[in-house]
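# Analysis of the macromolecular model
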Amino acid sequence: LVHIGATKKESFKAHLNLLQAHSLDPDTITTDAWAYRTLFSRIHKNLPKGEGNEPILLMGFEKSKTFFYVNSKNRPVLYREIPFGIKTLESKLQDTLGASKDELRNWIQDIGVTGIDERVSNSIADMLEILIPELKQTELAVRSLEKMSFDQIYVTGEGALLPGFLDWLASASGKQVELF
C-alpha cells in the first residue's frame, strides 16, 4: 500500500507518470471527489434507516471535462473523467456552424437543446451524444461492482445550466435527472 498526498494536480502528475513507468498504477482521489464523498456521506446520514444504499451518480459537466462520480452504501465506488465540456461544445459549434464567440456564448446560455433554434439545438444535441456511451459504461462498471445500478443522475457544473440539458439527458438516458 502506497499513500501519496499532493496539493496540486499538476505537481502530482509528473510523480504519477514516474510511478506508472515502474508498473505502479495507484488510485488517485481529487479534492472534488473527496468533497462529493463528504457531501454524500452527510446526505446519507440524514436518510431513514435502510435507504440510501443504492448507487447515486453525480455527473459534473464542467468547462473542460465531464466527470462521473458514483457513491453507494455511503462510500465512493467510481470516479472517471472524459475530456468533454463546455469548451468542447464551443469549439465544435464554431467549426460546424462558423459562429463568433458572442454567438457561441448566446447559443450555450440561451438556446442549448431547447429547440428554440432547431439548427443550433440539433447541433448541440448531436455533440452531447458522446455522453450516452460514457453513461452506459459507467452503469456497466457500477453493476459489476455493486450488483445494482443507479436510477437517478444528479448533474452539476456549468454545463448543467445549458438550457434543456436536464430534459435531454433524462430522455437520452432513460433515468431521472436532477440539478445538484
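Heads up: the structure comes first, above all this text.
Residues numbered from 1 in each chain as written. Predicted model: local features only at pLDDT ≥ 70, side-chain atom pairs only at ≥ 80, totals over all residues. Heavy atoms only, no water.

A few words now on the sheet that holds strand β4 (residues 152-156). Strand order in the open sheet formed by five strands is β3-β2-β1-β4-β5, with mixed pairing between adjacent strands. Both outer strands of the open sheet, β3 (75-82) and β5 (176-179), are each paired with one neighbouring strand and no more. Going from strand to strand, the sheet's axes swing by 20 degrees on average, the running direction of each strand aside. Direction of pairing for strand β2 (residues 66-72) relative to β3: antiparallel, over a ladder of seven bridges. Bridging across to β3, V70 finds its partner in L78. (Pairing = 2+ DSSP bridges. Helix = DSSP H or I, 4+ residues; strand = E, 2+ residues; numbered from the N terminus. Axes fitted to C-alpha atoms, helices over the stretch in contact; angles between N-to-C directions.)

The subject of this paragraph is the environment of F67. Note that F67 resides in strand β2. For F67, a relative accessible area of 0% translates into the label buried. Residues F67 and E81, spaced 14 residues apart in sequence, show a C-alpha to C-alpha distance of 4.2 Å. The residues contacting F67, other than those within four sequence positions of it, are Y36, L58, M59, G60, E62, Y79, R80, E81 and T156. (Buried < 20%, exposed > 50% of the residue type's maximum accessible area, 1.4 Å probe, protein only. Contact = heavy atoms within 4.5 Å.)

This next bit is on the nonpolar core. Counting 37 residues, the largest nonpolar core has L89, L128, I153, F165 and L169 as its most contacted members. When neighbours within four sequence positions are excluded, I153 is seen to be in contact with L57, M59, L135, L169, S173, K175, Q176, V177 and E178. Y36, F40, I56 and Y69 belong to the second largest nonpolar core, which has six residues in total. (Core = buried A, V, L, I, M, F, W, Y, C linked by side-chain atoms within 4.5 Å.)

A separate point is the pattern of salt bridges. By the definition in use, this model includes nine salt bridges. R75 serves as the salt-bridge partner of E146, at 2.9 Å between the closest nitrogen and oxygen. Here the residue E146 occupies a position in helix α6 (residues 131-146), and R75 occupies one in strand β3, the gap between them amounting to 71 residues. Judged by relative accessible area, which is 7%, E146 ranks as buried. (Salt bridge = Lys/Arg side-chain N within 4 Å of Asp/Glu carboxyl O.)

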